Amino acid sequence: MKKGFFLIVIMSLYICGLFAQGNQEATQVATSVEKPKELTVAVVVNTSDVGTARKSMDVWATKNGVKINYIEENTSTYASSYVLASKTQNPRFDLIMFWDFYLDQLYSMLTPLDGSVNPKLDISKIDNGDLLRSGYSNYKGHPYNVPYGLDAYVFYYRKDLLDAAGIKKVPETWDELLAAAQKLTKDTNGDGNIDQWGLATNGIPGQVFNTYSFFNLVLTNGGSVVDANGKPLFNSPAGVEALQFMVDLRNKYKVMPPDVITYDNNKINEGFLSGKFAMLLHWPYMYGMTYGTPLEGKVGASAVPHSAKGQGATVLNAWSFGIPMMSQNKELAWDLASYLISTEAGAFEFSQRKDWPFRASAYVEAGKQYQIPADFQEFSKMVFKIADDHSQKIIMARGGETSIILGDYIDLAMNGKMGAKEALDAAVKDINALLNN
Amino acid sequence: MDMKETARKTQPIVYAYLAPGILLIVCFLVVPIIQGFIYSLYNYNLASTAPKKFIGFKNFLNLVNDSKYIQTFGQTVFFVAFALFFEFLLGFLFALLLKQDFVGKQFLRGIMLLPWMMPQVVTAFTWSWILNGTSGVLNQILLKMGIITKNIEWLSTPGLALCVITFIDVWTFTPFVTLVLYAGLQGISQQLYEAATIDGAGVFQQIFHITMPMLKSSASVAFLMRSMMAIRTFDSVWIITRGGPAGTTELLGTYAYKKGLIGFNIGIGSAATTIIFFLSLLMSLRFIGVVLKKK
């Protein structure tokens with residue numbers, strides 16, 4: 001009877017295998033017969049960019065008679081999903097949405113967009129001279145991403161609170177930032193606890209949280225984060241000073257809340273909008289979030305303050321689209337990707353006031369087609385100028401792993417468990433050991 | 001002989017009915033576990049073009065030599081031990097309370113289950129707001145009551161943060177333990193207590209000599225399930241602290257996730273999850289024996 005039982009199990013497995021094989025063959029037969037145009041597109045749903053991107057994709061799909069099969073991913077798992085799909089060829093993505101910080105781990109599965117694989121897939125041909133070049137700069141010798149949503153850090157401040165504290169000049173240097181933050185950190189209700197903090201920024205350990213806060217300070221101190229191959233340079237004297245400044249803001253000067261080390265984007269958004277932070281280092285979408293709140297009209301923005309020896313600078317990364325090598329519809333996917341960074345789609349993207357396109361003409365077109373508040377247009381011009389003049393793209397080698405290592409060491413320094421130099425040296429040592437493994 | 005003959009004839013049918021379920025278990029449980037163990041023997045990075053390379057138990061050695069992993073392991077032991085201790089202590093007390101007759105018992109039984117019924121992600125987000133050091137409602141209440149004069153940094157104080165994570169786990173899963181123990185209490189014959197009372201046994205004597213021994217099976221089931229769940233806790237840590245401050249809330253589940261799925265290092269990630277699997281198996285072996293032993 002045991003033999004009978006095993007026979008049933010084996011037969012069942014065999015039947016499952018036959019079914020899978022038959023399904024594959026059916027798919028192969030189907031693809032050889034002419035069928036309606038279809039694209040499989042991966043979108044990352046918990047981003048501000050996906051809303052406008054998806055609507056634009058639907059517009060393009062309707063115009064061109066193409067069916068788009070959306071596969072929804074989230075920010076925590078999309079990179080691993082794409083990598084797995086590239087190994088298993090399932091699903092066979094035609095276009096994927098990703099943040100170009102992860103380019104080092106994704107580029108090997110992406111089609112170079114310089115015409116080297118397919119002459120039609122050449123981003124320089126659709127540049128038209130008004131596409132921010134830093135959005136799609138080469139990595140390992142080729143561009144791989146079509147940049148959709150511009151992400152650069154901005155310095156936000158409460159104009160009303162600065163006025164009330166008698167701060168006439170918007171901070172431009174670290175010293176001015178600290179002085180202003182000290183004046184703005186107060187106990188507003190007399191209960192002995194600080195409830196208005198001078199400054200806040202992303203502080204939770206993680207790939208894009210405390211690391212990016214640190215990156216901005218490194219860049220504004222004249223330092224570099226990584227070299228052209230994504231290997232760490234952040235333990236330079238400039239980097240150590242930057243981390244020390246970040247640590248001191250919390251531990252020594254106490255102008256950042258102690259629990260800033262648990263702050264992700266949600267906590268930062270909530271804290272600023274509810275008036276708990278007077279100044280902020282954050283992504284550009286924060287400005288649009290102030291509309292319809294008590295903070296509307298009270299928020300100013302400028303470039304991230306720099307150290308005495310540094311200059312205005314910021315990180316620049318892009319929510320992008322790429323065409324996987326496994327795609328069997330590369331030219332169609334390229335048409336879609338080109339549309340997404342067209343003036344028309346960019347104008348729509350900008351009109352929703354959450355994301356910033358990389359094409360300068362999109363802003364002009366949006367001003368003509370949509371009603372954009374004047375202050376938002378001013379803010380956006382500033383963001384675009386910051387991205388154009390002072391930004392640096394950050395792509396860490398094996399960014400998924402190395403940024404976690406760095407984030408954990410930054411956290412140790414922020415908690416006073418390690419000195420700034422010790423933490424960064426240890427991070428570089430661990431990262432290099434990983435990269436050389 | 002007839003019965004044996006009948007049994008022999010019906011056995012194929014029995015196996016046929018069992019086969020789909022067993023097939024599912026094999027495909028979705030046994031095969032992934034074995035595959036995970038196999039991957040743990042390789043240097044395998046999903047994001048790398050280099051092929052995977054067999055390295056034997058080197059991943060496990062690397063884990064053992066990683067001070068961060070040792071710290072994480074210790075924190076997990078602390079978390080599991082204290083979480084289970086308080087869940088069972090409170091669960092037992094609540095189960096005893098629910099066994100009594102009082103007004104509002106049904107209502108209390110209903111609301112007691114709410115923490116367990118809420119999705120863990122929702123629970124984690126809610127507590128992270130409640131415990132916010134600057135503006136959390138818990139600090140506001142304690143300040144207004146005069147219990148504290150200064151905001152407590154619940155989630156950003158090393159040491160305290162892990163106790164808070166443990167508390168959240170106890171808050172979430174005590175209802176489950178209560179439910180299981182309450183069901184076990186229902187199965188204890190009232191006559192035993194009556195006989196004990198007649199013999200002069202007090203309340204505590206009855207609890208220790210009747211209730212607790214009779215609850216061994218139910219408690220074993222609850223312990224089996226809770227220990228396996230606790231050892232791979234992920235949601236609350238990931239949402240609330242991501243393993244901080246200073247790695248003091250990192251647990252084996254988040255460590256394995258960071259290594260395996262975010263870092264794409266399938267080899268190390270699989271090694272970490274294999275260790276979790278064997279720990280769960282070890283903790284449950286004793287109690288599987290208690291649950292499955294034939295009377």
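Residues numbered from 1 in each chain as written. Chains lettered and ligands numbered in written order. Predicted model: local features only at pLDDT ≥ 70, side-chain atom pairs only at ≥ 80, totals over all residues.

S.K.: Residue-level account of the overall build of chain B, with values.
M.R.: A count of helical and extended segments in chain B gives 14 helices and two strands. Taking 295 residues into account, the globule formula puts the C-alpha radius of gyration at 19 Å, and chain B, at 24 Å, lies well above it. Along the first, second and third principal axes, the C-alpha set of chain B runs to 80 × 75 × 30 Å. A total of 295 residues make up chain B; the buried ones form 37% of that total. In chain B, the proportion of contacts linking residues at least 24 apart, taken out of those at least 6 apart, comes to 70%. (Helix = DSSP H or I, 4+ residues; strand = E, 2+ residues; numbered from the N terminus. Rg over C-alpha atoms; globule rule 2.2 N^0.38 Å. Buried ≥ 20, exposed ≤ 12 C-beta atoms within 10 Å, placed from the backbone. Contact = placed C-beta atoms within 7 Å.)

S.K.: Summarise the overall build of chain A; cite the residues concerned and give the values.
M.R.: Along the backbone of chain A there are 16 helices and ten strands. Computed over C-alpha atoms, the radius of gyration of chain A comes to 24 Å, within 12% of the 22 Å expected from 2.2 N^0.38 for 437 residues, which places it in the range of a compact globule. Its C-alpha atoms give chain A principal-axis dimensions of about 80 × 65 × 40 Å. Within chain A, buried positions represent 51% of all 437 residues.

S.K.: Quick one: what's the story with the interface of chain A and chain B, residue by residue and with numbers?
M.R.: On the chain B side, the residues contacting the 35 residues of chain A number 35 residues. Every element with two or more residues in the side of chain A that touches chain B is listed here: α1 (2-32), α3 (78-88) and α15 (399-414) of chain A. The element that contributes the greatest number of residues to the side of chain A that touches chain B is α15 of chain A, accounting for six residues.

S.K.: Tell me what's going on with α15 of chain A, and back it up with residues and numbers.
M.R.: Residues and elements named next belong to chain A. Between its terminal C-alpha atoms α15 stretches 21 Å, which fits the 22 Å expected from 16 residues at 1.5 Å a residue. The buried fraction of α15 is high, at 16 of 16 residues. Two residues or fewer after α15 comes Gly416, characterised by a positive phi angle close to 75°. (Expected span 1.5 Å × (residues − 1).)

S.K.: Which residues make up the packing of helix α3 (residues 67-99) of chain B against helix α8 (residues 160-186) of chain B, and what values go with them?
M.R.: Residue and element names in this part refer to chain B. Contact pair α3 / α8: the axes reach a minimum separation of 6 Å and the direction vectors enclose 40°. Considering their axes alone, α3 and α8 lie oblique with respect to each other. Crossing of α3 against α8: the hand is right-handed. Residues of the contact of α3 with α8, tallied by class, amount to 19 nonpolar, five polar and three charged. (Axes fitted to C-alpha atoms, helices over the stretch in contact; angles between N-to-C directions. Parallel < 35°, antiparallel > 145°, perpendicular 65-115°, else oblique. Left-handed = near helix turned anticlockwise from the far one by under 90°. Nonpolar A, V, L, I, M, F, W, Y, C, P; charged D, E, K, R; others polar.)

S.K.: With reference to specific residues and values, describe the packing of helix α8 (residues 237-251) of chain A against helix α16 (residues 420-435) of chain A.
M.R.: The geometry of a pair of packed helices is captured by two quantities: the angle between their axes and the separation between those axes. Residue and element names in this part refer to chain A. For the pair α8 and α16, the least separation of the axes is 9 Å and the interaxial angle reads 125°. The pairing of α8 with α16 is recorded here as oblique in orientation. Between α8 and α16 the crossing geometry is right-handed. On α16, the residues touching Gly239, Val240, Leu243, Gln244 and Val247 of α8 are Ala420, Lys421, Ala423 and Leu424.

S.K.: Any chance you could break down the sheet that holds strand β5 (residues 154-158) of chain A for me, citing the residues and the numbers?
M.R.: Residues and elements named next belong to chain A. Pairing is mixed in the open sheet, where four strands are placed in the order β6-β7-β5-β8. The sheet terminates laterally at β6 (197-201) and β8 (299-302), the two strands that pair on one side only. Each adjacent strand pair in this sheet contributes to an overall mean axis angle of 20°, direction not counted. Here β6 runs beside strand β7 (residues 277-282); their pairing, made up of four bridges, is parallel. What sits directly across from Ala200, in β7, is Leu280. Running at roughly 120° to β6, helix α6 (residues 174-184) makes contact with β6 and β7 of the sheet. (Pairing = 2+ DSSP bridges.)

S.K.: Any details on the nonpolar core? Residues and values, ideally.
M.R.: Across soluble globular proteins, you tend to see nonpolar side chains buried next to one another. Formed by 195 residues in total, the largest nonpolar core has its most connected members in Tyr82, Leu95, Leu243, Met279, Tyr409, Ala413 and Ala423 of chain A. Considering each element in turn, this core owes the most residues, twelve residues, to α8 of chain B. Split by domain, the residues of this core number at least three in each of domain 1 (36-151 + 317-387) and domain 2 (152-316 + 393-435) of chain A. Setting aside anything within four residues of it in sequence, one finds Ala413 of chain A in contact with Leu243, Val247, Met418, Gly419, Ala420 and Ala423 of chain A. (Core = buried A, V, L, I, M, F, W, Y, C linked by C-beta atoms within 7 Å. Domains from an automatic or database assignment.)

S.K.: Before we move on, could you go through helix α6 (residues 120-130) of chain B and cite the residues and values that matter?
M.R.: Residues and elements named next belong to chain B. Along α6, the residues that are buried comprise Thr123, Ala124, Trp127 and Ser128. Across the axial projection of α6, the buried residues extend over an arc of 130°, all falling on one side. Every exposed residue of α6 that faces more than 90 degrees away from the buried side is listed here: Val121, Val122 and Thr126. (Arc of directions from axis to C-beta.)

S.K.: I'd love a proper account of the domain arrangement of chain A, names of residues and values included.
M.R.: All names here are of chain A. Segmenting chain A into domains produces domain 1 (36-151 + 317-387) and domain 2 (152-316 + 393-435). If you average the C-alpha positions of domain 1 and of domain 2, the two centres end up 28 Å apart. Domain 1 puts 23 residues into the contact, and the matching count from domain 2 is 22 residues. Elements supplying a minimum of two residues to the side of domain 1 that touches domain 2: α4 (103-106), β4 (146-152) and α14 (374-389). Sorting elements by how many residues they give to the side of domain 1 that touches domain 2 places α14 first, with five residues.

S.K.: Help me get a handle on the environment of Gly135 of chain A, residues and values and all.
M.R.: All names here are of chain A. Along the chain, Gly135 turns up in the loop between α4 and β4. Owing to 27 C-beta atoms within 10 Å, Gly135 belongs among the buried residues under this scheme. Put simply, Gly135 and Gly192 are 57 residues apart on the chain and 47 Å apart in space, counted from C-alpha to C-alpha. Leaving out residues up to four positions away in the same chain, Gly135 has contacts with Pro147, Leu150, Ala318 and Phe358.

S.K.: So, the confidence of the model for chain B: which residues are in play, and what are the values?
M.R.: Residue and element names in this part refer to chain B. Residues of chain B with pLDDT of at least 70 account for 96%, and the chain-wide mean is 89. When the elements of chain B are averaged for pLDDT, helix α14 (residues 266-292) gives the smallest value, 83, and α8 the largest, 95. What the predictor reports for the complex is a pTM of 0.86 with an ipTM of 0.81. (pLDDT = per-residue confidence, 0-100.)

S.K.: I'd like a description of the pairing of β5 of chain A, backed by residues and values.
M.R.: All names here are of chain A. The buried count for β5 comes to five of five residues, which makes it a mostly enclosed element. Judged by which residues are buried, β5 turns out to be covered on both faces: Val154, Tyr156 and Arg158 on one side and Phe155 and Tyr157 on the other are all buried. Pairing of β5 with β7, which is carried by four bridges, proceeds in the antiparallel orientation. Pairing of Val154 across the sheet is with His282, part of β7. The pairing of β5 with β8 spans four bridges and is classified as antiparallel. Directly across from Phe155, in β8, lies its bridge partner Ser302.

S.K.: Run through the confidence of the model for chain A, naming residues and quoting values.
M.R.: Mean pLDDT over chain A: 90, with 92% of residues reaching 70 or higher. Confidence drops under pLDDT 50 across residues 28-32 of chain A; counting only partners more than four residues distant or on other chains, this segment forms one contact.

S.K.: Just give me the short version of unusual backbone geometry, but keep the residues and values in it.
M.R.: What you tend to see is this: most non-glycine residues have negative phi, and most peptide bonds are trans. Residue Pro91 of chain A is bonded to the preceding Asn90 of chain A through a cis peptide linkage, with omega at 0°. The topology assignment puts Pro91 of chain A in the loop between α3 and β3 (95-99). Of note, the bond from Gly244 of chain B into Pro245 of chain B is cis; its omega dihedral lies within 30 degrees of zero at -5°. A positive phi angle, near 55°, is found at Lys254 of chain A, a position not held by glycine. The class for Lys254 of chain A is partly exposed, based on 16 C-beta atoms found within 10 Å. Phi is positive for Arg353 of chain A, which is not a glycine, with a value near 60°. Judged by the 20 C-beta atoms lying within 10 Å of it, Arg353 of chain A is buried.

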